[in-house]
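# Fold and contact review
Residue-level listing of the chains:
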Amino acid sequence: MIRKILIANRGEIALRIVRACRELGIQTIAVYSEADEQSLHVQLADEAICIGPASGAESYLRADRILSAAEIGDVDAIHPGYGFLSENSEFAEQCESCNIIFIGPRSETIMMMGDKAKARETVSKAGVPIIPGSDGPLENEHAATKVAQKIGFPVIIKAVAGGGGRGMRIAHNAVTFAKEFQSARLEALKAFGNGELYIEKYLESPRHIEFQVLADMHGNMVHLGERDCSVQRRHQKVIEESPSPFLDKNLRNRMGKAALKATQSADYVNAGTIEFLVDAKGNFYFIEMNTRIQVEHAVTEEATGIDLIKEQIQIASGNRLGFTQKEISLTKHAIECRICAENPSKGFIPSPGEIELYSAPGGHGVRVDSHAYGGYTVSPYYDSMISKVITFGRTRKIALDRMYRALSEYLIRGIDTNVDFLKAVLMDPAFRQGEATTSYIEEFLARMPKDFLDKQSKD
Ligand code: MV4
């Protein structure tokens, strides 16, 4: 039985977890940094404990301080949210050894899926398609060049400890490959303390489509359909939607089955996401599994009607899934836009500071998950996302028109935001026709007039 949960996170996801706990009758403890004293998650949780100065490294990333707060608060479980300690297998293990339930998969699963080469090997053995590439990490650039020549250029060089796009290099021929390989190794060593690399054939402009899965401790598992996350800029997702405008029923079924095979191959428990790249012909390939709840989980919640945070808590409590695959469908179309404190006309640089006025959209078919309010100060220490708006309806057109309407209702003064940029994307025929691939934003910016972004930042 879980009576009390410590939320090891901040911002909108901490608030989201407080809300789920309230509805389940579970007590909450927030932890916060000195910069977050005035945050909504601190004000709305039952209790709150300060765990250090503003910098993440001295607060939300300090497993020791969070575990001390958990001891003091006498909690049964810790929900890590996303980012910070959510995919840290050592932290999950420490929770387990303190007899505190880590709301997520087992620490061994986090470790296995965190090794992106091992994850590839594991799901591939279970019959899930992967992109042609190296079997495991590559010793040196000589061995790597041989593999690259065998699979054929272009190839993409990825860090075994990476994921999410960090430190990736594309090589178009054997000459540039050796150089790229060496610099990727140094970068991976610096960023992750692990210089191991693997390579894959590089797919040009794929779609990025991920499947949400849930698995309980009793061997039951379901997928909750896909999210199309192709609209991204520098590995940051900007717009996500479900269902994907690219998938038909048949492809959804086949990818859903593959997602469940991948889940099964890891003996997975709790919520997870299987990421696929999909080419123009509809060939799909596993790239990695995320072992956490994700920012864009709300899209799946509104498309299916299932509360994923509650499900995570039920699973961690040892309960069985309350539904079977047959009972799940994408009955609505849902879209999410991430509102960020940033300036599109200055290369999307962060725009922290005090929000002087904040009024968020509402009305039929609109959900806003946000920790922002008028008078709240956006800290430069954390990521710049201040609000997520999710619109949903019976059809994609309804959800898109509703999103444009919702974006138009935001009143935010005191900081710069990407709201007008998002509105321009929502009006773009290519996006509206469901043609966006992972190259979309770059192509969109390239074909807009030079002064387009300057106009965007004017009120
Ligand atoms: C790829 C790829 C093309 N081919 N892998 C980026 C996020 C991470 N989860 C996987 N990513 C990619 N992996 C193969 N074999 C394209 C991406 C990718 C990307 C790569 C470089 C620059 C921008 C990108 C944007 C989206 C996806």
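Anyway, here's the lowdown on the structure attached to this text.

## A few points about the sheet that holds strand β8 (residues 197-201)
Two strands in a sheet stick together by hydrogen bonds in their backbones, pointing the same way (parallel) or opposite ways (antiparallel). Spatially, β7-β6-β8 is the arrangement adopted by the 3 strands of the open sheet, whose pairing is antiparallel. Edge strands, defined here as strands with exactly one partner in the open sheet, are β7 (169-171) and β8. On average, adjacent strands in this sheet sit at an angle of 30 degrees to one another, irrespective of strand direction. In this structure, strand β6 (residues 155-159) lies alongside β7, joined through 3 bridges in antiparallel fashion. Looking across to β7, one finds that Val155 is bridged to Ala171. This element, helix α6 (residues 116-125), spans β6 and β8 of the sheet and lies at about 50 degrees to β8.

## Quick look at the pattern of salt bridges
Following the criterion strictly, the structure yields 32 salt bridges and no others. In this structure, Glu121 and Lys118 form a salt bridge, with 4.0 Å as the shortest nitrogen-oxygen distance. In this pair, Glu121 and Lys118 both sit in helix α6, 3 residues apart, roughly one turn of the helix. Glu121 gets classed as partly exposed once you look at its relative accessible area, which sits at 35%. Taken together, the salt bridges that share partners define one network made up of Arg16, Glu301, Glu302, Asp307, Arg367 and Asp369.

## A short note on the packing of aromatic side chains
Centre-to-centre distance and the angle between the planes together describe a pair of aromatic rings. Tallying each qualifying case throughout the model produces 15 aromatic pairs. Judged by centre distance (6.0 Å) and plane angle (85 degrees), the rings of Phe211 and Phe276 are edge-to-face. Separated by 65 residues along the polypeptide, Phe211 in strand β9 (residues 207-215) and Phe276 in strand β12 (residues 270-278) bring together distant segments of the chain. Residue classification places Phe211 among the buried positions, given a relative accessible area of 0%. Given the relative accessible area of 0%, Phe276 is considered buried. Relative to Tyr440, the ring of Phe431 has its centre 6.3 Å away and its plane inclined at 50 degrees; by these criteria the two rings are tilted. You can call Phe431 buried: its relative accessible area is 2%. Taking relative accessible area as the criterion, Tyr440 reaches 4% and is therefore assigned buried. One residue, Arg396, lies across the ring of Phe431, its end atom 5.3 Å from the ring centre.

## Thoughts on the packing of helix α13 (residues 419-427) against helix α15 (residues 440-447)
Packing of α13 against α15 brings their axes to within 12 Å, and their N-to-C directions diverge by 95 degrees. Between α13 and α15, the crossing angle belongs to the class labelled roughly perpendicular. Contact residues: Phe421, Ala424 and Val425 in α13; Tyr440, Ile441, Phe444 and Leu445 in α15.

## A look at the pairing of β8
It is a general feature of regular strands that their side chains alternate between the two faces of the sheet. The element β8 is largely enclosed, with a buried count of 4 among its 5 residues. Bridging between β6 and β8 involves 5 bridges; their strand directions are antiparallel. The residue of β8 that forms the bridge with Val155 is Lys201.

Reading the values: rules and limits
- Residues numbered from 1 in each chain as written.
- Predicted model: local features only at pLDDT ≥ 70, side-chain atom pairs only at ≥ 80, totals over all residues.
- Heavy atoms only, no water.
- Pairing = 2+ DSSP bridges.
- Helix = DSSP H or I, 4+ residues; strand = E, 2+ residues; numbered from the N terminus.
- Axes fitted to C-alpha atoms, helices over the stretch in contact; angles between N-to-C directions.
- Contact = heavy atoms within 4.5 Å.
- Salt bridge = Lys/Arg side-chain N within 4 Å of Asp/Glu carboxyl O.
- Buried < 20%, exposed > 50% of the residue type's maximum accessible area, 1.4 Å probe, protein only.
- Phe/Tyr/Trp six-rings, centres within 6.5 Å; stacked < 30°, edge-to-face > 60°.
- Lys NZ or Arg CZ within 6 Å of the ring centre and 35° of its normal.
- Parallel < 35°, antiparallel > 145°, perpendicular 65-115°, else oblique.

By themselves these figures say nothing about function.
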